[in-house]
Amino acid sequence: MRWWQSAVVYQVYIRSFADGSGDGIGDIAGLRDRLGYLTELGVDALWINPWYPSPQADAGYDVADYCGIEPDYGTLQQAQDFLAEAHAAGLRVILDIVPNHTSAAHRWFAAALAGEPGARDRYHFRAGRGDRGQLPPNDWQSVFGGPAWSRIADGSWYLHLFAPAQPDLNWDHPQVRREFEDVLRFWFDRGVDGFRIDVAHGLVKAPGLPDRDTGLGMLDGAAHPAWDQDGVHEIYRGWRAVAREYDPERVFIAEAWVADSGRLARYLRPDELHTAFQFDFLRAPWRAASLREVADDAMAAAATVGAPPTWVLSNHDVTRTVTRYARSQPDHLVGTDWERKRWTREPADHDLGRRRARAGALLQLALPGTAYIYQGEELGLEEIEQLPDELRRDPTFAQSGFTDVGRDGCRIPLPWSGAAAPYGFSPAPVTTWLPQPPHWGSRAVAAQHDDPASVLQLYRAALRLRRTHWRGAGPVRWLDCPPGVLAFRRGELCCWVNTTGREVALPKNATVLLASHSTATETRLPPDTTVWLAAPEISL
Ligand code: NOJ
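Looking up the protein chain in an unreviewed UniProt entry gives the name Alpha-glucosidase, with the organism given as Mycolicibacterium fallax. Entered under Sequence similarities (unreviewed entry) in the UniProt record, the comment concerning the protein chain runs "Belongs to the glycosyl hydrolase 13 family."

Set out below in structure tokens:
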């Protein structure tokens, strides 16, 4: 089995991980200081959100130079030293590549605005509609809200599926294709082990950029001329060939919000990408039947192309798991409009959410394939929903006309130690780039490190056992169990997940290896709890 087929990957949102320089912004120096924390946690690899020079119109997903390092985060030399240190510590490193759009500050867009011959062809520039060209060229909406087109001084329009400062690239242009293959090689030559591909389903647009007529469509799964076009696969065949120029082969993980797992599997054909995030898992409510359906569907689809399923419960774009599980559980949960505008009015029971999140983590880590942990998940952090409006940074807030508060609440700087801000995030008292809440000290790494009941200790124990017991344990075999419970065997181990509010009986002849809640016994599985059982044979 190759490393990426069963790895646990820890997502480092670098701006909020650890600040080494003392300016209130996370950086490479801070990350290097905490490598020991990550190896002790027991993960196999890191995925680092974009660390390239960027005006930060969308927290680094507006890249001005794909082969440099954002000065707030450090230097290219520091990045290279970090890569060497991470490798020496046994960690693989995956970077984030953003091929759908550049920053408006990228040299190509500057050339396009300056009217350099041919420069606009690398983007989607069009004349407007209406008698004076005053209307956008089509009806597409930006994912962040408002039209997906902006007009420049000479009257022409350019396409941006996200913020106006993120112009979409034209992937029909040969220079665009060549440039990105060179960017891949630039980082692969420096030892980077792979890339997470941002908006992997967005690069190719339907010819003629036809109207879509309804909605914005990135997350709702409906067909859209900007998303999941067949032409995108040719690009990834080229990227796979680049990855194969290296030994060991470099790997890719796709961020692709597509209609169903069948469409997702197309990205994972043997000559395309290696893995793709399974977002249905994080969208599923805390209900056994839904979780089982999603798991079955994902495993079956991945198996059709020989790829490992890739489980994700949380990332920098969605409401943190603790908070998603802290309210009533509608059929579909995701960090979009619906969730933030309406559902967030319900009071959140974070203790319940945390209890379910602990149980969800043990489910996630028992499934075959790869698993991603978003920084702070291992501390049981909840979404910080109350932030002063003037401090919000996510462009979603302004672009939605201040109706959708956006994603800042899952991007708060991590608490490391102490009882007052910045909770060890920065080496000295300083205002962090997003404010930390007053209770953050109780969730800090130092507060949890030696507490056997902490979320952190649960993750450490789970990752240790996963390495020795689950890895390579074979496929899931579902077991009979009461309604609201999910139970499966893989090899010598079983995983029982109780998503109900009542206790259920565990099978006889089983030994509990790990439980997400301390009240589990050899015979009883409490509400909202998962146990891992050593169970050579099961009798109910
Ligand atoms: C997906 C990224 O995860 C998100 O943070 C970003 O805003 C969009 N892509 C646009 O790059």
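Peer 1: Could you clarify how one ought to interpret the pattern of salt bridges in this entry?
Peer 2: Opposite charge on two side chains makes pairing possible when the charged atoms of those side chains draw close. Within this structure, the stated rule accounts for 35 salt bridges. The partner of Arg263 in a salt bridge is Asp228, with the nearest N and O atoms 2.8 Å apart. Remark: Asp228 occurs in the loop between β7 (194-197) and α6 (232-243) and Arg263 occurs in helix α7 (residues 261-266); sequence separation between them is 35 residues. Residue class for Asp228 comes out buried when judged on its relative accessible area of 12%. A salt bridge links Arg524 to Glu503; the shortest N-O distance between them is 2.6 Å. In this pair, Arg524 sits in strand β17 (residues 524-525) while Glu503 sits in the loop between β14 (493-498) and β15 (504-505), placing the two residues 21 residues apart along the sequence.

Peer 1: Just checking my understanding: could you explain the environment of Ala163 for this structure?
Peer 2: With respect to the helices and strands, the residue Ala163 is situated in the loop between β6 (157-159) and α5 (174-189). Classification of Ala163 as buried rests on a relative accessible area of 4%. Along the backbone, Ala163 and Tyr61 are 102 residues apart, and their C-alpha atoms lie at a distance of 9.9 Å. Residues within four places of Ala163 in sequence aside, it is in contact with Phe144 and Gln399.

Peer 1: I'm lost on the domain arrangement of the protein chain in this one. Help?
Peer 2: When the parts come together, some accessible area is lost, and that loss is often what is quoted as the size of the interface. As assigned here, the protein chain comprises domain 1 (3-98 + 277-455), domain 2 (107-159) and domain 3 (475-534). Placing a centre on the C-alpha atoms of domain 2 and another on those of domain 3 gives a separation of 56 Å.

Peer 1: What is the right way to look at the packing of aromatic side chains in this model?
Peer 2: What characterises a pair of aromatic rings is the spacing of the ring centres plus the angle enclosed by the ring planes. Counting across every chain of the model gives 34 aromatic pairs. Arranged with centres 5.5 Å apart and planes meeting at 35°, the rings of Trp47 and Phe277 form a pair that is tilted. Of this pair, Trp47 sits in strand β2 (residues 45-48) while Phe277 sits in the loop between β9 (275-276) and α8 (279-283), placing them 230 residues apart in sequence. Under the relative-accessibility criterion, Phe277 is labelled buried at 2%. Taking 6.2 Å as the distance between ring centres and 55° as the angle between the ring planes, the aromatic pair formed by Phe188 and Phe252 counts as tilted. On the criterion of sequence distance, the pair formed by Phe188 in helix α5 and Phe252 in strand β8 (residues 251-254) is long-range, its members being 64 residues apart. With respect to class, Phe188 is no different from Phe252; both count as buried. When the ring centre of Trp433 is taken as reference, the NZ or CZ atom of Arg15 above it lies at 5.0 Å. The ring of Phe125 has Arg120 sitting right over it, with the charged end atom 5.0 Å from the ring centre.

Peer 1: Got a minute to help me understand the sheet that holds strand β13 (residues 485-490) in this structure?
Peer 2: Sheet strands associate in pairs through backbone hydrogen bonding, adopting either a parallel or an antiparallel arrangement. Within the open sheet, the five strands sit side by side as β12-β13-β14-β18-β16. Their pairing is antiparallel. Strands at the two margins of the open sheet, each flanked by one partner only, are β12 (477-478) and β16 (511-515). Examined bridge by bridge, β14 and strand β18 (residues 529-534) share six bridges and lie antiparallel to one another. Each residue of the ladder has a partner; that of Val497, found in β18, is Thr530. Helix α12 (residues 350-366) rests against β13, β14, β16 and β18 of the sheet, and its axis sits at about 35° to β18. In this fold helix α15 (residues 455-470) packs onto β13, β14, β16 and β18, with an angle of close to 130° to the strand it touches most, β16.

Peer 1: Help me understand the site of the ligand, please; the structure alone is not making it clear to me.
Peer 2: The environment of the ligand is formed by 14 residues, the closest being Asp58, Asp198, His316, Asp317 and Arg407. In the model, an oxygen atom of the ligand is placed 2.6 Å from a nitrogen or oxygen of the Asp58 side chain. At a separation of 2.4 Å, an oxygen atom of the ligand approaches a polar side-chain atom of Asp317. Expressed as a share of its isolated accessible area of 290 Å², the protein-covered part of the ligand is 99%. Along the lines of polarity and charge, the residues of the shell around the ligand split into four nonpolar, three polar and seven charged.

What counts as what
- Residues numbered from 1 in each chain as written.
- Predicted model: local features only at pLDDT ≥ 70, side-chain atom pairs only at ≥ 80, totals over all residues.
- Heavy atoms only, no water.
- UniProt positions renumbered as here; feature names shortened; annotations may be inferred.
- Salt bridge = Lys/Arg side-chain N within 4 Å of Asp/Glu carboxyl O.
- Helix = DSSP H or I, 4+ residues; strand = E, 2+ residues; numbered from the N terminus.
- Buried < 20%, exposed > 50% of the residue type's maximum accessible area, 1.4 Å probe, protein only.
- Contact = heavy atoms within 4.5 Å.
- Domains from an automatic or database assignment.
- Phe/Tyr/Trp six-rings, centres within 6.5 Å; stacked < 30°, edge-to-face > 60°.
- Lys NZ or Arg CZ within 6 Å of the ring centre and 35° of its normal.
- Pairing = 2+ DSSP bridges.
- Axes fitted to C-alpha atoms, helices over the stretch in contact; angles between N-to-C directions.
- Near = heavy atom within 4 Å.
- Polar contact = N/O pair within 3.5 Å; in protein donor to acceptor, adjacent residues only side chain to side chain.
- Areas by Shrake-Rupley, 256 points an atom, 1.4 Å probe, with all protein chains shown as cover.
- Nonpolar A, V, L, I, M, F, W, Y, C, P; charged D, E, K, R; others polar.

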